[in-house]
Amino acid sequence: MKATPTRACHDQESNRKFKRLPLSKWGHHFLSAQVDVSEMNALAQEIERLKPEVGEMLMFSSKSIESTKKRILFIYMLVSLGVAFHFEDEIEQSLEEGFEKIQEMIAGEDDLYTISIMFWVFRTYGYNMSTDVFKRFKGENEKFMESITSDVKGMVSLYEAAHLRTTREDMLEEALSFTTRNLESLARAGASSPHILMRIRNALCMPQHYNAEMIFAREYISFYEQEEDHNKMLLRFAKINFKFLQLNWIQELKTLTKWWKQQDLASKLPPYFRDRLIECYLFALMIYFEPQFSLGRVSLAKINTVFTLVDDTCDRYGNVSEVAALVQCVERWDPDCMDSLPDYMKTVFKFAWNTFEECENAGIMEEGLSYDVQGALEEWEQGDVVPTFDEYLEIGGVEVTMYVSIACSFLGLGQSSREQAYKWLKSRPKFVEAQAKRARLMNDIAGFEGDMSRGFDVNAIMYYMKQYKVTEEETFTRLQKMARDLDTTVNEEILKTTKSVPRQILKRAIDFGKMIEFTYRSGEEYTHPEGRFKDHITSLFVDLIRL
């Protein structure tokens, strides 16, 4: 949050200048959506019929090394096709047994695809498979052999695996550079088959490690269908599973759109805020896509709209004194304090209060607003203290960007899991700290031009330039590298944390990082959701998958 700087804090609201933002492209589109309940029931029945058959493909009786290796590769297929959540216990058992045999499995294995996929699967699930396994693909000059570039699927898999690198893993840094260069060349040449070219371009745009599971699954199902050796039963299972999920999501969007229409904020507030209900739901879907998390997903989407409105109120419209008053009300979390707010902020606070009350009444938010989202920044916004870059990154990232948001991402978990999750979060784990700083950097890099156009200087770029006396261009270069370095720290901390924090808890925090990556990887697309946001909303919620 930042307050709009003004020459006089008592400017009349009627004279206030702000950039009018466009209304949502989706409007009330989903109000008219029709979902056939009988079709959903039929899909659910077919899922239950096919699930044991897919489970048998994963847990077949043979315990040989080759069978174990195939089992790990099959897990990758389940993850990529978006059906792994059906087999969580079986996958964990297979990985635990497989990792005990890791040396036997990799002995003599020289297939780039196989090694890279095994590495990706084990690292993704928190097993610290050594990077030494990739030495076999290097020549006498200690460089990756050019001969492996002819294995296109292997190169894509090595590229994907390289994104799970930790600090000081220079071999994977080299692998990432090597594969990126070659895959970009392949994409430009267009010499491979169309579906493989699309797989390459999708990976270069958004690696699987960063991608939301269902966005990747939608793309991968199309890719897998065009593979000559695809398993028809597995493809069918993936498709009916995905369509069943789509119908669930559309039902929820219909309910949410009705709720949003009832709020009628457009008639109560100046048009300074982003109307992004459907995008907020997409964010929630990145945290919880499974059908059993419907309540958490819908609640998180609502809370995302609160965060957006409050953020825009502070960033785009409110002056310093008004923001300070709003901060005080949020910290006290008392509706009686609304008397100190201007009329438009009363609307904002009331909307926030009512939305959180809805979540509490639904029985999934015992914590309320237990995280102080703004106190540490309050004196900065009053203009008396100029923090150093490191102080800004610490408080602007850890205190604001992630802790409150990750706390809310735990909403869909059961009560005992939530309590455990909040306890872990309050311990200030290094994983979340690194994730928060990375999020702050990505946010400020993507939003720098917008901040400057509104007269903001509360931005990582400005603080860095002032402290280190470097140019804007040099600052961008350094901060982008800093964000990449923090990514390796995040990966390292995941491996350290896996055994002490249940996967269902850790996964929500990891997926929140994916949401940040999705938002800012190509600029501030949440504010102007014309490109990938619109395409993904269409592919997930409008264009039903063909069976």
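Rules of the game
Going along each chain's sequence as written, the residues are numbered from 1 onward. For this predicted model, a pLDDT threshold of at least 70 governs which residues receive local features, and a threshold of 80 or more governs which side-chain atom pairs are given and counted, while totals over whole chains, interfaces and linings are taken from all residues. For the side-chain quantities, the full set of heavy atoms in the structure was used; hydrogens and water were omitted. Only runs of H or I of at least four residues qualify as helices and only runs of E of at least two qualify as strands under DSSP, and these elements are numbered from the N terminus. Relative accessibility thresholds used throughout: buried, under 20% of the residue-type maximum; exposed, over 50%; partly exposed, between the two (1.4 Å probe, protein chains only). Only heavy atoms matter for contacts: two residues are in contact if any of them lie within 4.5 Å across the pair. Areas reported as accessible are Shrake-Rupley estimates using a 1.4 Å probe. Residue values count occlusion only from the protein chains shown. When two rings of Phe, Tyr or Trp (its six-membered ring) have centres within 6.5 Å they constitute a pair, described as stacked for plane angles under 30 degrees, edge-to-face for angles over 60, and tilted for the intermediate range. Ring-over charges, as used throughout, are those where CZ of Arg or NZ of Lys falls within 6 Å of the ring centre and within 35 degrees of the ring normal. To qualify as a nonpolar core, a set must consist of buried Ala, Val, Leu, Ile, Met, Phe, Trp, Tyr and Cys residues joined through side-chain atoms within 4.5 Å. pLDDT measures the predictor's confidence residue by residue and takes values from 0 up to 100. Count a disulfide wherever a pair of cysteine sulfur atoms falls within 2.5 Å.

By the naming in an unreviewed UniProt entry, the chain is Isoprenoid synthase domain superfamily, taken from Arabidopsis suecica.

Looking now at the overall build of the chain. When helices and strands are tallied, the chain shows 24 helices and zero strands. Burial statistics for the chain: of 547 residues in total, 57% are counted as buried. Here the contacts in the chain between residues at least 6 apart in sequence split such that 75% fall between residues at least 24 apart. Accessible area of the chain: about 23,700 Å², with a carbon and sulfur share of 49%.

This paragraph deals with the packing of aromatic side chains. Think of a pair of aromatic rings as described by two things: how far the centres are apart, and how the planes are tilted against each other in angle. All chains considered together, the criterion is met by 34 aromatic pairs. Relative to F351, the ring of W260 lies with its centre 6.1 Å away and its plane at 70 degrees, an arrangement referred to as edge-to-face. Of the two residues, W260 is situated in helix α10 (residues 232–263) and F351 in helix α15 (residues 343–361); the sequence distance between them amounts to 91 residues. You'll find W260 and F351 in the same group, each marked buried. Measuring from centroid to centroid gives 5.6 Å for W333 and F356, while their planes differ by 85 degrees, and the two rings are edge-to-face. Of the two residues, W333 sits in the loop between α14 (320–332) and α15 while F356 sits in helix α15, which places them 23 residues apart along the sequence. For F356, a relative accessible area of 4% gives the class buried. Following the ring pairs from residue to residue traces out a cluster consisting of Y76, W120, F216, Y220 and F223. The ring centre of Y127 lies 4.3 Å from the NZ or CZ of K499, which sits over that ring.

Buried together is how nonpolar side chains tend to be arranged in soluble globular proteins. Residues L78, F134, W249, L282 and F541 are the most contacted members of the largest nonpolar core, which totals 179 residues. The biggest single contributor to this core is α10, with 14 residues. The contacts of F541, once residues within four sequence positions are left out, are F30, W249, I250, L253, I278, Y281, L282 and L285.

Moving on, we get to the confidence of the model for the chain. Averaged over every residue, the pLDDT of the chain is 87; the share at 70 or more is 90%. Across residues 1–11, where pLDDT falls below 50, the model places 41 contacts with residues more than four positions away in sequence or in other chains.

So, about the state of the cysteines. All told, the structure shown has one disulfide when counted by the stated rule. In this model, C329 is linked to C337 through a disulfide, with the two sulfur atoms separated by 2.3 Å.

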